[in-house]
Number of protein chains: 6
Amino acid sequence: MSNLIEYDDASAEVRAVYDDIRATRQTDYINNFWKALAQHPPTLRRTWETLKEVMTSPGELDPLTRELIYIAVSVTNGCEYCIASHTAAAHAKGMNEAMFGELLAIIATANTTNRLANGYRVPVDEQFKV
Amino acid sequence: MSNLIEYDDASAEVRAVYDDIRATRQTDYINNFWKALAQHPPTLRRTWETLKEVMTSPGELDPLTRELIYIAVSVTNGCEYCIASHTAAAHAKGMNEAMFGELLAIIATANTTNRLANGYRVPVDEQFKV
Amino acid sequence: MSNLIEYDDASAEVRAVYDDIRATRQTDYINNFWKALAQHPPTLRRTWETLKEVMTSPGELDPLTRELIYIAVSVTNGCEYCIASHTAAAHAKGMNEAMFGELLAIIATANTTNRLANGYRVPVDEQFKV
Amino acid sequence: MSNLIEYDDASAEVRAVYDDIRATRQTDYINNFWKALAQHPPTLRRTWETLKEVMTSPGELDPLTRELIYIAVSVTNGCEYCIASHTAAAHAKGMNEAMFGELLAIIATANTTNRLANGYRVPVDEQFKV
Amino acid sequence: MSNLIEYDDASAEVRAVYDDIRATRQTDYINNFWKALAQHPPTLRRTWETLKEVMTSPGELDPLTRELIYIAVSVTNGCEYCIASHTAAAHAKGMNEAMFGELLAIIATANTTNRLANGYRVPVDEQFKV
Amino acid sequence: MSNLIEYDDASAEVRAVYDDIRATRQTDYINNFWKALAQHPPTLRRTWETLKEVMTSPGELDPLTRELIYIAVSVTNGCEYCIASHTAAAHAKGMNEAMFGELLAIIATANTTNRLANGYRVPVDEQFKV
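Nothing here was measured: the structure is a model prediction, and the numbers come from that model.

**Overview of the overall build of chain A**
Of regular secondary structure, chain A possesses six helices and zero strands. Ordering the α and β elements of chain A from the N terminus gives α-α-α-α-α-α. Considering only C-alpha atoms, chain A reaches an extent of 55 × 30 × 30 Å along its principal axes. Out of the 130 residues in chain A, the part that is buried amounts to 61%. A separation of at least 24 residues holds for 47% of the contacts in chain A among residues at least 6 apart in sequence.

What follows is the structure, encoded as structure tokens:
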């Protein structure tokens, strides 16, 4: 299991990231993922900055849609931690049970058709190559 | 490469599915994926019925959001055909370049954090287990 | 693309493997996979010996069943070369179109349920832990 | 962890599926996978109907062979629940330890050759393109 | 296929990244990957900055070792573009054919043992949990 | 969970492999992976012989580099057991925390670019096809 760095034991560089996580998310709670990444401060900083920009910067996609996409990747990769944390995040952003059910149904269906397309070695339609 | 079944060469069972695809999508075009699945009619029927229900039935998620989730799975699995066809479908449903850029940025970021969570063997936070 | 080593250009070590492949498969044809692996003779030898033992040694599973399992893995991994070569091998060992259709239907369904099990974070039943 | 819907708490729609699972499998036991899917009844119904048709309908592949293919996908995807439940199902359908050992040996070997084919970027032989 | 943004058609923001790629790699050539990412400038910038820091900043791992790790991920994911570009990069940094052969042999072996560990559901040894 | 075969309960064939593992690694400890594989002796023998040759035979890549490559595959596949055991092995061969941090940063970045290359369907540059 991973070594988790608590705020009180963290370097100034790590604390600065923890502080930004708290300010951005408006909660004092720092989840285990960040405490584990703190073992390698450059990865902690870079990963947080990327996640913050990708998930919270103004854009065409609303915050909940971004979480649904995130879950789709995490479920497909079978990342237990990521499924658990982003499902919680999606619920916090308004995902209800019906939406979660539809989300998993799409993820499951896409995984089905991905294998059928590969298995039958379907040639890409010319019009999709544009 | 796969053997593609054209409408004129298809059995009544297969034609019935092709007709429903055309009616549902309001286009005469049947893409290669379905023509390949027609080699095994039960799979063609079941896959189309599932896809139709999951992607077009009334629900909490709008049609474009469903395509974005679909692309997230297909990109993560590296299914060339699925990426090509569903990117085209998403564009047809209103995805613009900025949205596609944000979508891929989220997919890429989620794949990063999935590996970091696995690599650091991060224990799932108690609150995410609820 | 890969550098393919032809028999006439191969070292004695590589030729010995090519000869065994020909004898085992009772064909003069050496497919590209082996010609590519010949770039690293130890990998060619080890991979062939393993494949030969796993796919042709006497056992509980018949040769065709072994190919179906092989295809299930290759389709799930999306390995184009492996799908193409082992689908050809399965046909040579008696797989008909109906069997191939059932095979892909099972592969597709398993990929669906795999994602649903992960997505819903289903706890393993006590009786399955035995 | 997932919320599991027990029979007594289930809607008529869900109970109908549970009843069919019990009748089809000739056991009263409903495993956790179905109790979790019951959170989204359409997914429960569709997934069960697909699984029932794919795994139990008359066809070219016998029931045990179907389970072996299922396990090959689940092991390759690393789906813990699916490996546990389908290994149990395969044992119930006659898989002995030797068969399981051969099965995993093939799965392992296929995962090796999949990566070698990708890594060496082996071009698909013309004869495999047919 | 992707829309590739050439230097002359690029915005100032994109040109700045292209210029840094050229300066960092000491070559005028900008490969297709960056020209495709230029369709979404924030992703181009962030991805290049991350790649530059991860692959070229001073650290414990030498440049060639970093490329070998990169190839291991790309081969396992079956990303054709990534395998092709990073194999070229590794050759440029000193990878010889023997090293590439050993690399693929390790990647292939790890993919085998990964599946065996999953398939046999091997419990993690207490001492590995530290 | 898997059935683990202890030395005292093992056949002569299995004991011979256990003895070689102990001699090669200069430790009496046999980890769970091998005890699980012992359920199918041919797989135990073949897997150990392959692992021994690939990871310990003289070559261009040093022992620690080989472990880093191994971890890259295991993290990408999300194989918990393999990540745990090879992270321990890498530490034993000299991997320090900074190196582990850099390793995971590269693995994470490669997983990001793999998805971007797939998602944008980037055509392989001519020069990378050589």
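**Points about the relation of the copies chain E and chain F**
If you rotate chain E by 180° and push it 0.0 Å along the axis, it lands on chain F with an RMSD of 0.0 Å. The symmetry that links the two subunits is that of a two-fold axis. A high fraction, 100%, of the interface residues of chain E reappear at the interface in chain F, so the copies pair face to face through one surface.

**Looking at the packing of helix H4 (residues 63–77) of chain C against helix H6 (residues 97–119) of chain D**
At a closest axis distance of 9 Å, the pairing of H4(C) and H6(D) adopts a crossing angle of 45°. As judged from the angle between their axes, H4(C) and H6(D) are oblique. In the packing of H4(C) onto H6(D), the handedness of the crossing is right-handed. Contacts between H4(C) and H6(D) pair C:Arg66, C:Ile69, C:Tyr70, C:Val73, C:Ser74 and C:Asn77 from the former with D:Glu102, D:Leu103, D:Ile106, D:Ile107, D:Thr109, D:Ala110, D:Asn111, D:Thr113, D:Asn114 and D:Arg115 from the latter. When grouped by side-chain class, the residues that make up the contact of H4(C) with H6(D) number seven nonpolar, six polar and three charged.

**Points about the UniProt feature "domain: Carboxymuconolactone decarboxylase-like" (unreviewed entry) in chain A**
Listed under "domain: Carboxymuconolactone decarboxylase-like" (unreviewed entry) in the UniProt record, and renumbered for this structure, are residues 42–122 of chain A. Taken end to end, residues 42–122 of chain A is 81% helix and 0% strand, and its two terminal C-alpha atoms sit 43 Å from one another.

**Focus: helix H1 (residues 12–25) of chain D**
Residues and elements named next belong to chain D. Counted at 1.5 Å a residue, the expected span for H1 with its 14 residues is 20 Å, and the 20 Å between its end C-alpha atoms agrees. Burial in H1 covers these residues: Val-14, Val-17, Tyr-18 and Ile-21. Projection of H1 onto a plane perpendicular to its axis shows the buried side chains occupying an angular sector of 100°, all on one side. Turned more than 90 degrees from where H1 packs its buried face, Ala-12 and Ala-23 sit exposed. Elements in contact with the buried residues of H1: helix H2 (32–37) and helix H3 (41–56). The positive-phi residue at the C-terminal boundary of H1 is Gln-26, with phi of around 50°.

**What about the interface of chain E and chain F?**
One widely used convention gives an interface's size as the accessible area the parts lose upon coming together. Counting from both sides, the interface comprises 62 residues of chain E and, opposite them, 62 residues of chain F. Between chain E and chain F, a total of about 5,500 Å² is buried, with carbon and sulfur atoms accounting for 71% of that surface. Among the residues of chain E in contact with chain F, E:Ile106, E:Tyr120 and E:Phe128 are the three that bury the most area, contributing 12% of the side total. Linking chain E to chain F there are two salt bridges. With its nearest N and O atoms 3.8 Å apart, the salt bridge here joins F:Arg66 to E:Glu102. Seen at the junction of chain E and chain F, the total is 26 residue pairs in polar contact (both at pLDDT 80 or more). Considering every element that reaches the side of chain E that touches chain F, the biggest residue donor is helix H6 (residues 97–119) of chain E, with 16 residues. Here the side of chain E that touches chain F is built from residues that sort into 34 nonpolar, 21 polar and seven charged.

**A word on the side chain of B:Asn118**
If you trace the backbone, B:Asn118 turns up in helix H6 (residues 97–119). Excluding residues that lie within four positions of it along the chain, B:Asn118 makes contacts with A:Cys79, F:Val75, F:Gly78 and F:Ile83.

**With respect to the state of the cysteines**
All names here are of chain E. Applying the stated rule across the entire model yields six disulfides over all chains. The disulfide partner of Cys-79 is Cys-82, and the gap between their sulfur atoms is 2.3 Å. Disulfide Cys-79-Cys-82: torsion about the S-S bond near 50°, hence right-handed.

**Overview of the layout of surface pockets**
In this model, the second largest pocket occupies a volume close to 1,900 Å³. Surrounding the second largest pocket, 46 residues form its lining, A:Glu80, B:Val124, D:Glu80, E:Val124 and F:Glu80 being those nearest its centre. For the lining of the second largest pocket, the secondary-structure elements that each account for two or more residues are helix H5 (80–92) of chain A, H6 of chain B, helix H6 (97–119) of chain C, helix H5 (80–92) of chain D, H6 of chain E together with helix H5 (80–92) of chain F.

**Side note on unusual backbone geometry**
Residue and element names in this part refer to chain B. For Gln-26, which is not a glycine, the phi torsion comes out positive at approximately 50°. Relative to the helices and strands, Gln-26 is located in the loop between helix H1 (12–25) and helix H2 (32–37). Gln-26 gets classed as exposed once you look at its relative accessible area, which sits at 74%.

**A closer look at the domain arrangement of chain A**
Residue and element names in this part refer to chain A. Structurally, chain A comprises domain 1 (1–57) and domain 2 (59–122). For domain 1 and domain 2, the distance between their C-alpha centres works out to 24 Å. Of the residues lining the interface, nine residues belong to domain 1; the matching set on domain 2 comes to five residues. Between domain 1 and domain 2 the total buried area reaches about 570 Å² when both faces are included, carbon and sulfur atoms providing 55% of it. Three residues stand out in domain 1 for area buried against domain 2, namely Leu-51, Met-55 and Ser-57, and they jointly supply 71% of the buried area on that side. If you look at where domain 1 meets domain 2, you find zero salt bridges.

**Focus on the pattern of salt bridges**
Under the counting rule described, the total for this entry stands at 48 salt bridges over all chains. Across the pair C:Arg46 and F:Glu53 runs a salt bridge whose closest N-O atoms are separated by 2.8 Å. With C:Arg46 in helix H3 (residues 41–56) and F:Glu53 in helix H3 (residues 41–56), this residue pair bridges two chains. For C:Arg46, a relative accessible area of 10% translates into the label buried.

**Some words on the packing of helix H4 (residues 63–77) of chain E against helix H5 (residues 80–92) of chain E**
All names here are of chain E. Closest axis-to-axis distance for the H4/H5 pair is 9 Å, and the angle between their directions is 160°. What the angle tells us is that H4 and H5 run roughly antiparallel. Where H4 crosses over H5, the handedness of that crossing is left-handed. On the side of H4, the interface is formed by Leu-64, Glu-67, Tyr-70, Ile-71, Ser-74 and Val-75, while H5 contributes Cys-82, Ile-83, His-86, Thr-87, Ala-89 and Ala-90. Among the residues making up the contact of H4 with H5, the classes are represented as eight nonpolar, three polar and one charged.

**As for the packing of aromatic side chains**
Each aromatic ring pair is summarised here by two numbers: the centre-to-centre distance and the angle between the ring planes. Applying the stated criterion across every chain, the model contains 36 aromatic pairs over all chains. Taken together, a centroid distance of 6.2 Å and an interplanar angle of 25° make the contact between F:Phe33 and F:Tyr81 stacked. Residue F:Phe33 is located in helix H2 (residues 32–37), and its partner F:Tyr81 is located in helix H5; the two are separated by 48 residues in the primary sequence. B:Arg22 extends its terminal NZ or CZ atom over the ring of B:Tyr7, reaching a point 4.8 Å from the ring centre.

**Observations concerning the environment of E:Trp48**
Residue and element names in this part refer to chain E. With respect to the helices, strands and loops of the structure, Trp-48 is situated in helix H3 (residues 41–56). Considered as a pair, Trp-48 and Asp-20 are 28 residues apart in the sequence and their alpha carbons are 9.0 Å apart. Ignoring any residue separated from it by four or fewer positions in sequence, one finds Trp-48 in contact with Val-17, Asp-20, Ile-21, Thr-24, Arg-25 and Trp-34.

**Some points on the side chain of B:Arg121**
Looking at the element boundaries, B:Arg121 is found in the segment after H6. Of the buried charged residues, B:Arg121 lacks a salt bridge, with F:Glu80 as the closest side chain of opposite charge at 6.8 Å. One polar contact links the side chain of B:Arg121 to the main-chain carbonyl oxygen of E:Phe128, over a distance of 2.9 Å.

The rules behind these values
- Residues numbered from 1 in each chain as written.
- Chains lettered and ligands numbered in written order.
- Predicted model: local features only at pLDDT ≥ 70, side-chain atom pairs only at ≥ 80, totals over all residues.
- Heavy atoms only, no water.
- Helix = DSSP H or I, 4+ residues; strand = E, 2+ residues; numbered from the N terminus.
- Buried < 20%, exposed > 50% of the residue type's maximum accessible area, 1.4 Å probe, protein only.
- Contact = heavy atoms within 4.5 Å.
- Least-squares fit on C-alpha atoms with pLDDT ≥ 70 in both.
- Axes fitted to C-alpha atoms, helices over the stretch in contact; angles between N-to-C directions.
- Parallel < 35°, antiparallel > 145°, perpendicular 65-115°, else oblique.
- Left-handed = near helix turned anticlockwise from the far one by under 90°.
- Nonpolar A, V, L, I, M, F, W, Y, C, P; charged D, E, K, R; others polar.
- UniProt positions renumbered as here; feature names shortened; annotations may be inferred.
- Expected span 1.5 Å × (residues − 1).
- Arc of directions from axis to C-beta.
- Buried area = accessible area lost by both parts, 1.4 Å probe.
- Salt bridge = Lys/Arg side-chain N within 4 Å of Asp/Glu carboxyl O.
- Polar contact = N/O pair within 3.5 Å; in protein donor to acceptor, adjacent residues only side chain to side chain.
- Disulfide = S-S within 2.5 Å.
- 1 Å grid on protein atoms, 1.4 Å probe; cavity = no way out; pocket = protein on both sides within 12 Å on 5 of 7 lines; lining within 4 Å.
- Points joined across faces, edges and corners; volume = space filled by probe spheres on them.
- Domains from an automatic or database assignment.
- Phe/Tyr/Trp six-rings, centres within 6.5 Å; stacked < 30°, edge-to-face > 60°.
- Lys NZ or Arg CZ within 6 Å of the ring centre and 35° of its normal.
- Lys, Arg positive; Asp, Glu negative; His and termini not counted.

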